[in-house]
2 protein chains.
Amino acid sequence: MKATIYDVAKNAGVSIATVSKVINNNGRISDKTRKKVLKIMKDLDYQPSFAAAALTGKRTNTIGLLIPDLANPFFAEIARSIEDRGHELGVSVVMCSTDKNKEKEEKYVSLLVRKSVDGFILASGFSNVEVVEDLLKKKIPVAMIAQDVPTLLVDTLSVDDYKGGYLATVHLLSLEHKRIAVIGEVARSSDDRIRGYKEALQQSGHLVHDDYIVRSESSIEGGRKAADHLLNQSNPPTAIFACNDLLAIGVIQAVQARGLVVPNDVSIIGFDNTILATTSDPALTTIAQPIHEMGQFIMDLLIQEIEGKKTVKRRMLLLPELVVRNSTAKPSVSVEKQLT
Amino acid sequence: MKATIYDVAKNAGVSIATVSKVINNNGRISDKTRKKVLKIMKDLDYQPSFAAAALTGKRTNTIGLLIPDLANPFFAEIARSIEDRGHELGVSVVMCSTDKNKEKEEKYVSLLVRKSVDGFILASGFSNVEVVEDLLKKKIPVAMIAQDVPTLLVDTLSVDDYKGGYLATVHLLSLEHKRIAVIGEVARSSDDRIRGYKEALQQSGHLVHDDYIVRSESSIEGGRKAADHLLNQSNPPTAIFACNDLLAIGVIQAVQARGLVVPNDVSIIGFDNTILATTSDPALTTIAQPIHEMGQFIMDLLIQEIEGKKTVKRRMLLLPELVVRNSTAKPSVSVEKQLT
DNA sequence: CTGAAAGCGCTAACAA
DNA sequence: TTGTTAGCGCTTTCAG
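Just so it is clear, the structure is predicted and the values come from calculations on it, not from any experiment.

Participant: Lay out the overall build of chain A in plain terms, naming residues and giving numbers.
Facilitator: For chain A, the count of helices and strands is 14 helices and twelve strands. Relative to the compact-globule value of 20 Å for 340 residues, chain A shows a C-alpha radius of gyration of 26 Å, a clear excess of over 25%. When its C-alpha atoms are laid out on the principal axes, chain A stretches across 90 × 35 × 30 Å. Across chain A, contacts joining residues at least 24 apart in sequence account for 70% of those joining residues at least 6 apart. Of the roughly 14,500 Å² of accessible surface on chain A, a fraction of 52% belongs to carbon and sulfur atoms. Charge separation in chain A, taken as the distance between the mean sites of 42 positive and 41 negative side-chain charges, equals 9 Å.

Next comes the structure, spelled out in structure tokens:
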């Protein structure tokens, strides 16, 4: 069977306590015994068991990551960057896709609690506030990414959605679009993006048109429908800001399905800058979230929390950036004339 | 602190053994005590600790999933379906992206072994054969998906790559293409797909042209370069079979960058049927892997292995299907003439 | 600097 | 049907 600490101790002619000390390298051990023990450990291919260590109260070096859907490129990319940072730090991450379903959220969290994970990263869309509060009550470290629930006292990292919406809209405005619509999902992040959109419009002296603000579920299909709705209006927009890339792809498809061309007839800007923005045709102008940094950062935040290195909760905003590709341009004159 | 089995036992006025029995519901317990214990468990919000159970040799209900890259849509989709099936069965999955890097593969596996995972699912691209053999020697259940290494005695599930390549090529042939090229990565699965490609060509009386077979790393960029290489030949192909969707996207981009149009000037077919095939323009004709079923299936296979329910190793092939979208069509006459 | 021993929370004989 | 008890592999005082 697998070697245990006893085997090592016996072979090295020391006690298990000594072995334990060299493993965790604490306590004072003479260089000689340390070397000897280390050698035996190698010879026996000894691997300390996490389960046993966890039982004595040590960390498991495992965290739970709850995201809405691993198959969604945005979350997959986030997950990957979290995982990478985790591995650098020696922590494994178990991933759970919740589909924004409260039952699943609760079930997965309680499962992971039983498995003694050291903490949780909750990603955008986590809706079950009671579960979070419960975790907090149990003093289990939690960090949230790409979502914040202001009522919760939790470390939070997100992109500045307001600013992102503002940037997107200013870009469209700078292209001289006058009729700009927005499609958002029903979520706080979209609310903020839409606030930014409104602000940009007002600042430049435009009216905010409620007909130009539409909500949709976050999917290609949703984007398609929302775009159709917009384009069917008597005075359709010449530019559409979709609050994420998935929606934007749907919008592109709807526009093209009408025989219109992007960006000449309708300009489209997305949000997230996932791989989808680079594979669509035309390539999508979008607001980039610094996904990689976000993953790293949230992991670091959580680890600090786990190690008890800090007590103040933090709420951090990272700045999004405009990435111009080919889905936005000045409105063509004909469209302008025809519709104004 | 958290309630333990002792707390429950005390409150219920029974022994911990009894509690243990109702938890695992084995042994004979009177209905009355069972109910009582259950109630106390609920009252105390008692959650059995997995770490402790694992220590006594029970399963951890956690498995490790090693994939090349979680940010790659194909693997993200696979991971999601594995995760789903896992949750149905009560097992969590910890994911590790290896980047096909042997050191990472080894490091992650040994980490997870220490964490006493019940088994591993290894996905395509896992190159470190010694690690697998080591696992096998330790009697740790392993299952491989979308990849098979014939020398290894392991449960294996993959799509019939040979047939997939055949299907793709036959589709192109049925569209009356004469000059069909293929782009594959350096991997067994691509080898098989290319074999299918050759077979289809030969069966229909075409010559296999070595200049039409090119290898590339699996990425959009790689697809782009390979396509350029192909299109620069004196007698360029009218159709290209890319061995995965990522490559196919790159091919589309390269073709379009030359001012040619897909599918009129060049037809393109991919492989995998990931989300990318639906977001590109034109939407990609591709060979679909039954990703969802594969995830479910491989999980079931592994679980059976873990439960010792079967001793014979299996190698299963699922059949791929052609999904026709808009990236393939008959070669336009002008192209035919110009080039033949 | 090193070791003995008491748990951590649970399972699984074996008794009763 | 229920309880006693001996571990599982490791950490951690506390002595030596």
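Participant: Help me get a handle on the sheet that holds strand β8 (residues 239-242) of chain B, residues and values and all.
Facilitator: Residues and elements named next belong to chain B. Read from one edge to the other, the open sheet built from six strands follows the order β7-β6-β8-β9-β10-β12, with strand pairing classed as mixed. On the outer flanks of this sheet lie β7 (213-215) and β12 (321-323), each paired with one strand and no other. Neighbour to neighbour, the strand axes of the sheet diverge by 20 degrees on average, direction disregarded. Here strand β6 (residues 180-184) runs beside β7; their pairing, made up of three bridges, is parallel. Residue glycine 184 lies in a different strand from β7, and its bridge partner there is arginine 215.

Participant: So what's going on with the environment of glycine 165 of chain A? Which residues, and what values?
Facilitator: All names here are of chain A. As for its placement among the helices and strands, glycine 165 is situated in helix α8 (residues 161-174). Here glycine 165 falls in the buried class, since its relative accessible area comes to 0%. Distance in space between the C-alpha atoms of glycine 165 and cysteine 243 is 8.0 Å, their sequence separation being 78 residues.

Participant: A description of unusual backbone geometry should follow, citing residues and the corresponding values.
Facilitator: Cis peptide bonds are those with omega within 30 degrees of zero, and the linkage from valine 262 of chain A to proline 263 of chain A qualifies with 5 degrees. Its place among the elements puts proline 263 of chain A in the loop between α11 (245-257) and β9 (267-272). Residue proline 282 of chain A is reached from aspartate 281 of chain A by a cis peptide bond, and omega for that bond is 0 degrees. With respect to the helices, strands and loops of the structure, proline 282 of chain A is situated in the loop between α12 (276-279) and β10 (285-288). Backbone geometry at aspartate 45 of chain B places phi at a positive 55 degrees, although glycine is not the residue there. Positionally, aspartate 45 of chain B belongs in the loop between α3 (31-44) and α4 (50-55).

Participant: Report on the packing of helix α1 (residues 5-12) of chain B against helix α2 (residues 16-23) of chain B, specifying residues and quantitative values.
Facilitator: All names here are of chain B. Taken N-terminus to C-terminus, the directions of α1 and α2 make an angle of 105 degrees; their axes are 8 Å apart at the nearest point. By the criterion of interaxial angle, the relationship of α1 to α2 is roughly perpendicular. Across the interface between the two elements, Ile5, Tyr6, Val8 and Ala9 from α1 touch Ile16, Val19, Ser20 and Ile23 from α2. Residue composition of the contact of α1 with α2, by class: seven nonpolar, one polar and no charged.

Participant: Hey, could you go over a negative patch on the surface for me, with residue numbers and the actual values?
Facilitator: Residue and element names in this part refer to chain A. A cluster of acidic side chains, namely Glu103, Glu106, Glu130 and Glu133, defines a negative patch on the protein surface. For glutamate 133, the location among the structural elements is in helix α7 (residues 129-137). Glutamate 133 gets classed as partly exposed once you look at its relative accessible area, which sits at 41%.

Participant: Account for the UniProt feature "domain: HTH lacI-type" (unreviewed entry) in chain A, with residues named and values stated.
Facilitator: This chain's UniProt record puts "domain: HTH lacI-type" (unreviewed entry) on residues 3-57 of chain A. Within residues 3-57 of chain A, the helical portion is 65% and the strand portion 0%, while the C-alpha atoms at the span's ends are 22 Å from each other.

Participant: Would you mind going over the protein's contact with DNA strand C in detail, with residue names and values included?
Facilitator: What surrounds DNA strand C is a group of 26 residues, the closest being Thr18, Lys21 and Ser30 of chain A together with Ile5 and Tyr46 of chain B. With respect to DNA strand C, the side chain of tyrosine 6 of chain B contributes an N or O atom lying 3.2 Å from a base nitrogen. In this structure, threonine 56 of chain B approaches DNA strand C through a side-chain N or O atom, which is 3.2 Å from a sugar or linking oxygen. If you list the elements that add at least two residues to the surface near DNA strand C, you get α2 (16-23) of chain A together with α1, α2 and α4 of chain B.

Participant: So what about the protein's contact with DNA strand D? Which residues, and what values?
Facilitator: Taken together, 26 residues surround DNA strand D, and among them Ile5 and Tyr46 of chain A together with Thr18, Arg28 and Ser30 of chain B come closest. In DNA strand D, atoms within 4 Å of the protein come from the sugar-phosphate backbone in 62% of cases. Take serine 20 of chain A: an N or O atom from its side chain is 2.8 Å from a phosphate oxygen of DNA strand D. One nitrogen or oxygen atom from the side chain of tyrosine 46 of chain A is found 2.4 Å from a phosphate oxygen belonging to DNA strand D.

Participant: Just give me the short version of the relation of the copies chain B and chain A, but keep the residues and values in it.
Facilitator: For the pair chain B and chain A, the relating rotation is 180 degrees, the translation along its axis is 0.0 Å, and the fit reaches an RMSD of 0.1 Å. Between the two chains, the operation in question is that of a two-fold axis. Distance from the rotation axis, computed per C-alpha, reaches its smallest value in chain B at valine 94 of chain B: 2.0 Å. Most of the interface of chain B is mirrored in chain A: 100% of its interface residues are interface residues there too.

Participant: I'd like a rundown of the sheet that holds β10 of chain A, residues and numbers included.
Facilitator: All names here are of chain A. Within the open sheet, the six strands sit side by side as β7-β6-β8-β9-β10-β12. Their pairing is mixed. Whereas interior strands pair on both sides, the edge strands pair on one side only; in this sheet they are β7 (213-215) and β12 (321-323). Between one strand axis and the next, the sheet turns by 20 degrees as a mean value, whatever way the strands run. The strands that helix α9 (residues 188-203) touches are β6 (180-184), β7, β8 (239-242) and β9; relative to β6, the one it contacts most, it runs at about 170 degrees. Where helix α10 (residues 220-231) meets the sheet, it contacts β6, β7 and β8, and its direction lies at approximately 150 degrees from that of β6.

Participant: Break down the pairing of strand β2 (residues 92-97) of chain B for me, citing the residues and quoting the values.
Facilitator: All names here are of chain B. In terms of burial, β2 is largely enclosed, as six of its six residues are buried. Side chains of β2 alternate between two faces, with Ser92, Val94 and Cys96 and Val93, Met95 and Ser97 buried alike. Two elements, strand β1 (residues 62-67) and β2, share six bridges in a ladder whose sense is parallel. Bridge pairing in β2 places isoleucine 67 opposite serine 97. Read from β1 through helix α5 (residues 73-88) to β2, the crossover connection turns out right-handed.

Participant: Kindly report on the pattern of salt bridges, identifying the contributing residues and their values.
Facilitator: Considering all chains together, one arrives at 47 salt bridges over all chains under this definition. A salt bridge links glutamate 185 of chain A to lysine 100 of chain A, with the shortest nitrogen-to-oxygen separation between them at 3.3 Å. Residue glutamate 185 of chain A is located in the loop between β6 and α9, and its partner lysine 100 of chain A is located in the loop between β2 (92-97) and α6 (102-114); the two are separated by 85 residues in the primary sequence. For glutamate 185 of chain A, a relative accessible area of 14% puts it in the buried group. Salt bridges sharing common partners tie together Asp69, Asp99 and Lys104 of chain A together with Arg80 and Asp84 of chain B.

Participant: Would you mind going over helix α5 (residues 73-88) of chain A in detail, with residue names and values included?
Facilitator: Three or four residues apart is the spacing at which side chains of an α-helix point the same way, because the helix has 3.6 residues per turn. Residues and elements named next belong to chain A. If you check α5, its first and last C-alpha atoms are 23 Å apart, about what 16 residues at 1.5 Å a residue would give, namely 22 Å. Burial runs high along α5: 15 of the 16 residues are buried. Residue glycine 90 follows α5 closely and has a positive phi angle near 80 degrees.

Participant: Lay out the domain arrangement of chain A with the relevant residues and their values.
Facilitator: The domain boundaries assigned to chain A delineate domain 1 (1-33), domain 2 (62-159 + 290-318) and domain 3 (161-289 + 323-338). Taking the mean C-alpha position of each, domain 1 of chain A and domain 2 of chain A sit 36 Å from one another.

Participant: How would you sum up helix α11 (residues 245-257) of chain B? Please name residues and give values.
Facilitator: Residues and elements named next belong to chain B. Here α11 spans 18 Å end to end across 13 residues, near enough to the 18 Å set by a 1.5 Å rise per residue. Where burial is concerned, most of α11 is hidden: eleven out of the 13 residues are buried. Positive phi appears at glycine 259, one or two residues downstream of α11, with a value of about 80 degrees.

How each quantity is defined
- Residues numbered from 1 in each chain as written.
- Chains lettered and ligands numbered in written order.
- Predicted model: local features only at pLDDT ≥ 70, side-chain atom pairs only at ≥ 80, totals over all residues.
- Heavy atoms only, no water.
- Helix = DSSP H or I, 4+ residues; strand = E, 2+ residues; numbered from the N terminus.
- Rg over C-alpha atoms; globule rule 2.2 N^0.38 Å.
- Contact = heavy atoms within 4.5 Å.
- Areas by Shrake-Rupley, 256 points an atom, 1.4 Å probe, with all protein chains shown as cover.
- Lys, Arg positive; Asp, Glu negative; His and termini not counted.
- Charge placed at Lys NZ, Arg CZ, Asp CG, Glu CD.
- Pairing = 2+ DSSP bridges.
- Axes fitted to C-alpha atoms, helices over the stretch in contact; angles between N-to-C directions.
- Buried < 20%, exposed > 50% of the residue type's maximum accessible area, 1.4 Å probe, protein only.
- Parallel < 35°, antiparallel > 145°, perpendicular 65-115°, else oblique.
- Nonpolar A, V, L, I, M, F, W, Y, C, P; charged D, E, K, R; others polar.
- Patch = residues over 30% accessible without salt bridge, like charges linked within 9 Å, V, L, I, M, F, W, Y side chains within 5 Å.
- Salt bridge = Lys/Arg side-chain N within 4 Å of Asp/Glu carboxyl O.
- UniProt positions renumbered as here; feature names shortened; annotations may be inferred.
- Near = heavy atom within 4 Å.
- Polar contact = N/O pair within 3.5 Å; in protein donor to acceptor, adjacent residues only side chain to side chain.
- Least-squares fit on C-alpha atoms with pLDDT ≥ 70 in both.
- Right-handed = clockwise from strand over helix to strand, strands pointing away.
- Expected span 1.5 Å × (residues − 1).
- Domains from an automatic or database assignment.

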